[in-house]
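This is what each chain is made of:
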Amino acid sequence: MNHQPLPLDGITVVAVEQAVSAPFATRQLADLGARVIKIERPDGGDFARGYDTAARGLASHFVWCNRGKESLAVDLKDPRGIEIVRQLLADADVFVQNLAQGAAARLGLDAAALCAEHPRLIAVDISGYGAEGPYAHKRAYDMLVQCEAGLVSVTGTALHPVKAGIPAADIAAAMYAFSGVLAALLRRGTTGRGGPVEISMLESLAEWMGHPLNYGMHGGEAPARTGVAHAVISPYDAYATADGGQVLLSVQNDREWRRLAEQVLGRPELGEDPVFATNTARTANRERTDAAVAEALAALDTPEAIRRLEAAGIACARLNTVRDVAEHPQLAARDRWREVDSPVGPLRALLPPINLPGGAEARMGAVPALGEHTDALLRALGMTDEGTAALRRDGVIA
């Protein structure tokens, strides 16, 4: 069977990136076949390299977001370093940056300037709050944006708001940057022109706040924080089982409630009891609803609880740990795990979730060492070994 090529084969991306939002966006492009040249500082590189040492000595964030890239370590504060980047951009299709607001413009690498110079270039600016407005120059780390976007206000228990356990603002911005690049490439295919793509972390996460935002704007009050319970559906929560596990179940309509009451709780009379018969009633009487469900599930071990819920047609899930996810039977059955190379040897990694049946598998390249590709990239630009050695002596490259 002849496989179709990866959709971004032949596309070159140059990225001045750090942390999560831009690196995760460009990793998606690399997985789909793009060549991604990652520009890093010679003195330590992307600061996410130093976040932790959990991945056999490498930082887990960096391993996750940077496979399949070429690392060019160059000092952008030196005019010779900027000139190297400009030479790379002459043949690039996409440029991505998430420097502090205004930094790219000071370097001459802002989207407007680059697109004026290179009409086919797609230039992506990822910022915390956008280029204008009172927050434009405000520091924007993931947890700060989670707070500004209201995510923290709707996450947690009634007493304690909490941040999301993943960098939700960074990921939201990354995925809109990724899809923005794909949309811009499509447009370039018909118009022949690239152009700027602007992504704000706040605007990205505010979009993801769609349900509570619309509920609050139009309903008068934002949904209450309810832990893992659903704010407006009951029962929809996690319940302890006899073997120390927890099972989350979701009843979406009153027919399902009647089946749950009869086939799992063993109390069919609750199906018609006015206190429980409708979702509105169950939500108003959440404590009594939860108590009835909790009592029944506490007598069952986790496998038996799951079996009975599934037999009754009730949506349910185990409340898995991170370790459980790493060994999840569904991921194993669908052959989702691969190994990627790295400076410390092969590391386990998930296939990206975009599946293209009949096409080549995602290109899950190696995690690069800092400056691993510097010499090869400069040689391709026509620089001599002597010139490279001189730049290295001056600290312009690593």
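Residues numbered from 1 in each chain as written. Predicted model: local features only at pLDDT ≥ 70, side-chain atom pairs only at ≥ 80, totals over all residues. Heavy atoms only, no water.

S.K.: Would you explain the overall build of the protein chain in this entry?
M.R.: When helices and strands are tallied, the protein chain shows 17 helices and 11 strands. Its C-alpha atoms put the protein chain at 85 × 50 × 40 Å along the principal axes. When burial is assessed residue by residue, the protein chain has 45% of its 398 residues classed as buried. Pairs at least 24 residues apart make up 66% of the contacts formed inside the protein chain by residues separated by at least 6 positions. Of the roughly 19,900 Å² of accessible surface on the protein chain, 55% is carried by carbon and sulfur atoms. Taken as two groups, the 39 positive and 49 negative side-chain charges of the protein chain have centres that lie 1 Å from each other. (Helix = DSSP H or I, 4+ residues; strand = E, 2+ residues; numbered from the N terminus. Buried < 20%, exposed > 50% of the residue type's maximum accessible area, 1.4 Å probe, protein only. Contact = heavy atoms within 4.5 Å. Areas by Shrake-Rupley, 256 points an atom, 1.4 Å probe, with all protein chains shown as cover. Lys, Arg positive; Asp, Glu negative; His and termini not counted. Charge placed at Lys NZ, Arg CZ, Asp CG, Glu CD.)

S.K.: Sorry if this is basic, but what is going on with the packing of aromatic side chains here?
M.R.: Two aromatic rings are characterised by how far apart their centres lie and by the angle between their planes. Taken as a whole and assessed by the stated rule, the structure comprises four aromatic pairs. Taking 4.8 Å as the distance between ring centres and 40 degrees as the angle between the ring planes, the aromatic pair formed by Phe 24 and Trp 64 counts as tilted. On the criterion of sequence distance, the pair formed by Phe 24 in helix H1 (residues 21–31) and Trp 64 in helix H2 (residues 60–65) is long-range, its members being 40 residues apart. With a relative accessible area of 10%, Phe 24 lands in the buried category. The exposure class of Trp 64 is partly exposed, given its relative accessible area of 28%. (Phe/Tyr/Trp six-rings, centres within 6.5 Å; stacked < 30°, edge-to-face > 60°.)

S.K.: What's the story with the environment of Lys 38 in this structure? I'm lost.
M.R.: Its location among the elements puts Lys 38 in strand S2 (residues 35–40). In the structure, Lys 38 is positioned 281 residues away from Leu 319 in sequence and 37 Å away in space, judged by C-alpha atoms. With residues up to four places along the chain from it excluded, the contact list for Lys 38 reads Ala 15, Glu 17, Pro 23, Asp 46, Phe 62, Asn 66, Lys 69, Glu 70, Ser 71 and Leu 72. In this structure the side chain of Lys 38 is engaged in a polar contact, spanning 2.8 Å, whose partner is the side chain of Glu 17. (Polar contact = N/O pair within 3.5 Å; in protein donor to acceptor, adjacent residues only side chain to side chain.)

S.K.: Sorry, what's going on with unusual backbone geometry here?
M.R.: Only a minority of non-glycine residues have a phi that is not negative, and only a minority of peptide bonds are not trans. Following Ser 234, the chain continues into Pro 235 via a peptide bond in cis, with omega recorded as -5 degrees. In this fold, Pro 235 is placed in the loop between helix H9 (210–219) and strand S7 (236–240). Positive phi, close to 55 degrees, is recorded for Arg 56, a residue that is not glycine. Tracing the sequence through the fold places Arg 56 in the loop between S2 and H2. One non-glycine residue, Asp 335, lies in the positive phi region at around 55 degrees. On the secondary structure map, Asp 335 appears in the loop between helix H15 (329–333) and strand S10 (337–340).

All we've got here are geometric facts, nothing functional implied.
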